[in-house]
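Summary of structural features
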Amino acid sequence: MSSKNTLLVVDQLKKHYTTPRKWLSKSRPPIQAVDGVSFSVARGETLSLVGESGCGKTTTAKSVMRLVEPTSGSVKLEGEELLSLDNEQMRLRRRDLQIIFQDPYASLNPRLSAGDIVAEPLKNFGLGSSAERKERVQWLFSKVGLRPEATKKYPHEFSGGQRQRLGIARALALNPKLIVCDEPVSALDVSVQAQVVNLLMDLQEEFGIAYLFVAHDLAVVRHISHRVAVMYLGHIVEVADRETLFSAPRHPYTEILLSAVPVPNPRTPAKRILLQGDPPSPANPPSGCRFHTRCPLAQPICKEQQPALTARTLDDDDSLPRREHWVACHFR
Ligand code: SF4
């Protein structure tokens, strides 16, 4: 899944959480939040991770940043293995790797002014004089659509959308190559969501930033993504460029997810397929294909053998989006 233009390569990433054993009870199996996930992101590309809550998409994104420490696997940024870096080396590498959180308010220090919040990463890396940092902060504010005088305000004086703009300005401060966007618009009003998504797209076009975009809103994903990876119970079950995924999904789980997306034309309503049952526990995932307990197409082999994520079509050029389609299903 890599090409000459590849920025990030994640290979067989796992994050298993061990749960403490209670006195006199048997040891509990680990929770397999992420279990062998592989994908790549090209420079200037948006790859979205989608799936039900609890599917492992946020844990995958945080593992890439090492905000949670992966259990095993490999995460390479421009060929450098991030999982073998010590704390100081990783701190320095984070200059290229930033994150925007779902709740901008919780991620902004309420005691710092907006200008100081955005200047903080520059200070931490010892970049520029005080006057140069001030100038850069003003420039960053203009880039994210905030007025220059807003540098003096505090986080509680901003609206939700403005606070997310502030979070984006802080993430942009160090000229990152990749920004992990963890549900960045799901806490915002619908009208504000569109503005923030369009801002992210404009910034990508101007600065060539790549996004690893975690979301559950498929309308937003369709708007912003070049490629989409669908996750189910800690596994990736389908990866494709946006057009292919939304027009010709192959994995039964993807078909069910997409059937729930509202259709713009009410005269041709899509047939909604209901997902049966609750997701199984990641501490005790089903054998074989993890989706077999809920899949309308399941056959006996699905219980026995785990289907590999295999390429259905592959286009090895460097244009965005790459035309490719990977599916983990015995029959699709
Ligand atoms: Fe369904 Fe079987 Fe395909 Fe899994 S492998 S998605 S259970 S048909």
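On a predicted model such as this, the values are computed, not experimentally measured, just so you know. Along each chain, the written sequence defines residue order, and numbers are assigned to residues from 1. Restriction of local features to residues with pLDDT of at least 70 applies here, the model being predicted, together with a cutoff of 80 or more for giving and counting side-chain atom pairs; totals for whole chains, interfaces and linings are based on all residues. In computing side-chain values, all of the structure's heavy atoms are included and hydrogens and water are not.

Quick look at the sheet that holds strand S4 (residues 72-77)
At least two DSSP bridges between two strands are needed for those strands to be called paired. Helix numbers and strand numbers start at the N terminus; a helix is a DSSP run of H or I with at least 4 residues, a strand a run of E with at least 2. Spatial ordering of the open sheet is given by S2-S1-S4-S5, a layout of 4 strands whose pairing is antiparallel. Strands with a single pairing partner mark the edges of an open sheet, and in this sheet they are strand S2 (31-42) and strand S5 (80-81). Across 5 bridges, strand S1 (residues 6-17) lies against S4 in antiparallel orientation. Each residue of the ladder has a partner; that of Lys14, found in S4, is Ser72.

So, the packing of aromatic side chains
Any pair of Phe, Tyr and Trp rings, taking the six-membered ring for Trp, is counted once the centres come within 6.5 Å. Such a pair is stacked with planes under 30 degrees apart, edge-to-face with planes over 60 apart, and tilted for the rest. Under the defined criterion, the tally for this structure stands at 4 aromatic pairs. Centre to centre, the rings of Trp139 and Phe207 are 5.8 Å apart; their planes meet at 70 degrees, and the pair counts as edge-to-face. In this pair, Trp139 sits in helix H4 (residues 130-143) while Phe207 sits in helix H6 (residues 190-207), placing the two residues 68 residues apart along the sequence. Relative to Phe291, the ring of Tyr232 lies with its centre 4.9 Å away and its plane at 75 degrees, an arrangement referred to as edge-to-face. Of this pair, Tyr232 sits in strand S9 (residues 227-232) while Phe291 sits in the loop between helix H9 (252-259) and helix H10 (300-304), placing them 59 residues apart in sequence. A single burial state applies to Tyr232 and to Phe291, both of which are buried. What links up through ring pairs into an aromatic cluster is the set Tyr232, Tyr253 and Phe291. We call a residue buried when its accessible area falls under 20% of the maximum for its residue type, exposed when it is over 50%, and partly exposed in between, using a 1.4 Å probe and counting protein chains only.

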